[in-house]
Amino acid sequence: MQKVRNLKKQQKLPESRLRDNLEAIDRIRTDAVNDIESLTETFQHMALVTESVQQNYKALLAHNQLLKDTLLCIIDECDCCQKTRCDRCQRILQILAGNNPEPQINAARKYQAILTQIRNLG
Ligand SMILES: [Zn+2]
C-alpha cells in the first residue's frame, strides 16, 4: 500500500511541476506585456517631447531668419553704398558674417565672476 502511495506521489510530481512552470511562464508573459505597454507610453511621451522641441527650433530658426532679413533691410535702406559702408552697416555685416567685434565673454570666467559675487554677498 505504501508503495502504491509513493508511486502515485511520484506520478503527480511531474504534473505539479509542469503546472508550476506554466504559471511561472504566464507571470513572465504578463510582466512582459506590462513592460511593453510601459515602453509604448514612454515612446509616445518621447515623441511628443521631440515634436515640441522640433516646433520650438523651427520657430527659433524663423525668428532668426526674420532678424537677419531685418538687418539686411537696414543696410539696404541706409544712405551709404557698398564700397563705402558706414560704421553701423559695417558692424551689422560683421555680425552677420559671424565676426562679432564685441568681445566674447568666456563662459567659465563669467561663471567664476558670478560665483565670486555670490560669495561676496555671504
Ligand atoms: Zn550704412
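Residues numbered from 1 in each chain as written. Predicted model: local features only at pLDDT ≥ 70, side-chain atom pairs only at ≥ 80, totals over all residues.

(A) Looking closely at the overall build of the chain. If you tally the helices and strands in the chain, you get 3 helices and 0 strands. Going residue by residue from the N terminus, the α and β elements of the chain occur as α-α-α. Among the 122 residues that make up the chain, the fraction classed as buried is 0%. (Helix = DSSP H or I, 4+ residues; strand = E, 2+ residues; numbered from the N terminus. Buried ≥ 20, exposed ≤ 12 C-beta atoms within 10 Å, placed from the backbone.)

(B) Spotlight on the confidence of the model for the chain. When the pLDDT values of the chain are averaged, the result is 86; 84% of them are 70 or greater. Per-element confidence in the chain is highest for helix α2 (residues 87-96), whose mean pLDDT is 94, and lowest for helix α3 (residues 107-121), whose mean pLDDT is 77. (pLDDT = per-residue confidence, 0-100.)

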